[in-house]
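# Summary of structural features
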Amino acid sequence: MAPGSVACVYADGAVWVSSPEKSVITRVDAKTNTATDTIAVGPGPRFLTGGARARCGRSIRAMARLSRVDMKTRKLAANIDVGLPGTGGELAFGDGHVWATVFQIPLSKIDPATNQVVKQWVGAGGDSVRVGHGSLWLSNLREQNVWRIDLTQL
């Protein structure tokens, strides 16, 4: 495993691990507990999510970038400029989209089919995001609350 690994997610029979220190995502076979692939991605990947047969790792820098790894080919498929400031935030996959959040831009909706940002919302909020039960769940650490947003409204 690459030094400085910080996040992992299970998808497609494997555990995927991000290492911002080495700017890689490592695939670990869940059955054999063996690292099978190390994939170079954009600088400083921290947060991971999976879906639409691709692994996404958020790369953190002045203008954050989302790196998309194809789980089948195990290669970098795209780097998507999302324009998110700072080093915090979170990623989630659900309802056919990748969702990203940071404090100043609480929600970004990314289409994995086109590797494009579909919509962004700005203002207060943004900390952690998840999708489930027909809703997007967005926490706001600064205000100490959680918003439940109907996906049909997004």
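Look a little higher up for the structure.
Let me begin by describing the structure that accompanies this report. (Residues numbered from 1 in each chain as written. Predicted model: local features only at pLDDT ≥ 70, side-chain atom pairs only at ≥ 80, totals over all residues. Heavy atoms only, no water.)

Our focus in this paragraph is the pairing of strand β4 (residues 34-40). Sheet analysis places strand β3 (residues 24-29) next to β4, joined by 6 bridges and oriented antiparallel. If you follow R27 over to β4, its bridge partner there is D37. Here β3 folds back onto β4, and the loop between the two strands holds 4 residues, one of which, N33, carries a positive phi near 60°. (Pairing = 2+ DSSP bridges. Helix = DSSP H or I, 4+ residues; strand = E, 2+ residues; numbered from the N terminus.)

Attention now goes to the sheet that holds strand β13 (residues 128-132). Spatially, β13-β14-β15 is the arrangement adopted by the 3 strands of the open sheet, whose pairing is antiparallel. The open sheet has two free edges, formed respectively by β13 and β15 (145-150), since each of these has just one partner strand. The sheet shows a mean angle of 20° between the axes of neighbouring strands, taken without regard to direction. As defined by bridge partners, strand β14 (residues 135-140) adjoins β15 across 6 bridges and the pair is classed as antiparallel. (Axes fitted to C-alpha atoms, helices over the stretch in contact; angles between N-to-C directions.)

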